[in-house]
Amino acid sequence: MKQPLPLIAQMVHIHGPMKGEIQEFDRREIHIGRHPSCDLRFPKDLSVISRKHAVVVREVNRYKIIDTSANGTFVNGSRISETWLKSGDVIFFTPYGPQVSFFIREGETICVPLEIQYGPFLKSFAELPIVIGTRADCDLVLNHVSLSDRHAQIFFSQGAYMVKDLTGSNQIKINNHQITSPSPLHPGDRLFLTASGPAFEFMQGGSMAEITLEKNATIVFTDIVSSTRIIEHLGDKEARSIFQKHDQIIRDQLDKFGGYELQNLGDGFMLSFDTASSALRCAACIQKAMTEKLSTMSIRIGIHTGEVIIREGNQPFGQAVVKSARIVNQCNGGQILLSDVTRQLCCGANFTLKPKGEFALKGFDEPLALYELMWKGE
């Protein structure tokens, strides 16, 4: 019986939006498409590519590609449903869409140490490479809202520790410089897995320690009005069904506007956005979608922008988070309220905002001026 070799599947982009990029995969299945969970992920606006277009599956020491698309997958010009791949094959995703050259090469495992401190935990490795991500099959699983399922690879080559971005979207930075190819790590370097963390300092001898990040973020809280009464009125089973529809509406809009799901609170969400304008646009579209698709349920939304601390690579902490949570408590059903700080950051954007006066928020000495986003006209 053949034993599996340490193989690497390499995709060289020769046509399309990622032309010139080289991606390598050491996993059994390589999912390809526009869906955020895909390993080889094309831009979401490239509509000729299906959300889940194809999958490359390793079977012992061979690779097979299986088409799961609407517009077809082609190997060396011939449309396939599934076929074995060999080095040098050219894969076309749709007849005139992106193209990659496929190669297989042997990987290698090197016995060098690596220690990574993340929050209160310290994990040690005796061999490299390792993969960091959110999936359970990663060598280091980090449950961080900004990370991809397989996000980064740390390996050792030519006497140096190296990092490779596995996201397909160049999210990783070293000392605030984006990396577009495997890059060395030197003592004192700061490694940012995404702009919003987690981040690590690389130290002598192959150690990485998490560093605390401070950043400005727009925090959004959503809340289902009278959620307990809905459950009492409908019963657990039916209420669960409409709560799931509510969750999907919010996640669809969050994906559209590039926000982050920080926490599902059961009867609402805590969300984060890099810009105030994207938060407001997303909030308006959430309310519109709720009106169109789930008019039996009403939600309220509170928004505030401020500096937050990313603690233990998990969730933001600070006054901005607390203020946003307090603002949502001032809302009525169907309403979106935001702070003056957030309003000022949206100056020049095409939003209709109505002043609602000053409100005393629990835990804060100074009252806060709030504004209503008139979303029905947005």
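Residues numbered from 1 in each chain as written. Predicted model: local features only at pLDDT ≥ 70, side-chain atom pairs only at ≥ 80, totals over all residues. Heavy atoms only, no water.

A. View of the pairing of strand β2 (residues 22-25). Alignment of strand β1 (residues 7-15) against β2, held across four bridges, turns out to be antiparallel. Its bridge partner being in β2, Ala9 is matched across the sheet by Phe25. Linkage of β1 to β2, two consecutive antiparallel strands, is achieved through a turn of six residues, within which Gly16 is found at a positive phi near 115°. (Pairing = 2+ DSSP bridges. Helix = DSSP H or I, 4+ residues; strand = E, 2+ residues; numbered from the N terminus.)

B. Up close: the sheet that holds strand β16 (residues 152-157). Taking strand neighbours across the sheet as the criterion, the five strands line up as β15-β14-β16-β17-β20 in an open arrangement whose pairing is mixed. Every interior strand has two partners, whereas the edge strands, β15 (140-141) and β20 (183-184), have only one. In this sheet, β15 lies alongside strand β14 (residues 130-133) in parallel orientation, the contact comprising two bridges. Within the sheet, the bridge partner assigned to Gly133 lies in β15 and is Val141.

C. Fine view of the sheet that holds strand β13 (residues 121-125). Pairing in this open sheet of seven strands is mixed, and the strands run β13-β12-β23-β22-β21-β18-β19 from one edge to the other. In this open sheet, the two edge strands, each paired with only one partner strand, are β13 and β19 (177-178). Across two bridges, the pairing between strand β18 (residues 173-174) and β19 is antiparallel. Counterpart to Ile174 in the pairing with β19 is His177.

D. Inspection of the side chain of His246 at higher detail. Relative to the helices and strands, His246 is located in helix α2 (residues 236-257). Polar contacts involving the side chain of His246 include one to the side chain of Asp247, which spans 2.9 Å. Residues in contact with His246, not counting those within four places in the same chain, are Ile224, Gly268, Phe269, Met290, Leu294, Met297 and Ile299. (Polar contact = N/O pair within 3.5 Å; in protein donor to acceptor, adjacent residues only side chain to side chain. Contact = heavy atoms within 4.5 Å.)

E. Focus on helix α4 (residues 319-328). Most of α4 is tucked away: seven of the ten residues are buried. Buried within α4 we find Ala320, Val321, Lys323, Ser324, Ala325, Ile327 and Val328. (Buried < 20%, exposed > 50% of the residue type's maximum accessible area, 1.4 Å probe, protein only.)

F. Examining the environment of Ser37 more closely. Summarising the element assignment, Ser37 is placed in the loop between β3 (29-33) and β4 (40-41). The partly exposed category is assigned to Ser37, whose relative accessible area is 30%. Remark: the alpha-carbon pair of Ser37 and Thr167, spanning 130 residues in sequence, is separated by 9.8 Å. For Ser37, the contacting residues outside a window of four places in its chain are Lys52 and Asp149.

G. Geometry of the confidence of the model for the protein. Per-residue confidence for the protein averages 88 on the pLDDT scale, and 95% of its residues sit at or above 70. For the protein, the element scoring lowest by mean pLDDT is strand β28 (residues 315-317), at 67; strand β7 (residues 73-75) scores highest, at 97. (pLDDT = per-residue confidence, 0-100.)

H. How the structure looks around the packing of aromatic side chains. Enumeration over the complete set of coordinates arrives at five aromatic pairs. Arranged with centres 5.0 Å apart and planes meeting at 85°, the rings of Phe156 and Tyr161 form a pair that is edge-to-face. The class for Phe156 is partly exposed, based on a relative accessible area of 22%. Judged by its relative accessible area of 11%, Tyr161 falls in the buried class. Three or more aromatic residues joined by ring pairs form one cluster here, namely Phe156, Tyr161 and Phe202. The aromatic ring of Trp84 is capped on one face by Arg62, whose charged end is 3.9 Å from the ring centroid. When the ring centre of Trp84 is taken as origin, the NZ or CZ atom of Lys64, which lies over that ring, is 4.8 Å away. (Phe/Tyr/Trp six-rings, centres within 6.5 Å; stacked < 30°, edge-to-face > 60°. Lys NZ or Arg CZ within 6 Å of the ring centre and 35° of its normal.)

I. Structural view of the pattern of salt bridges. A complete count under the given rule lists 14 salt bridges for this structure. Arg150 is paired through a salt bridge with Asp26; the nearest N and O atoms lie 2.5 Å apart. Of the two residues, Arg150 sits in the loop between β15 and β16 while Asp26 sits in the loop between β2 and β3, which places them 124 residues apart along the sequence. A salt bridge links Lys356 to Glu372; the nearest nitrogen and oxygen atoms lie 3.5 Å apart. With Lys356 in strand β30 (residues 353-359) and Glu372 in strand β31 (residues 368-373), the pair connects residues that are 16 residues apart, well separated along the chain. The network of salt bridges with shared partners includes Arg27, Asp39, Arg135, Asp137 and Asp149. (Salt bridge = Lys/Arg side-chain N within 4 Å of Asp/Glu carboxyl O.)

J. How the structure looks around unusual backbone geometry. The linkage connecting Leu128 with the following residue, Pro129, adopts the cis geometry, with an omega of 15°. Non-glycine residue Asn170 carries a positive phi angle of around 50°. Along the chain, Asn170 falls in the loop between β17 (160-165) and β18. The exposure class assigned to Asn170 is partly exposed, which follows from its relative accessible area of 21%. The phi dihedral of Asn175 is positive, around 55°, even though this residue is not glycine. Mapped onto the secondary structure, Asn175 falls in the loop between β18 and β19.

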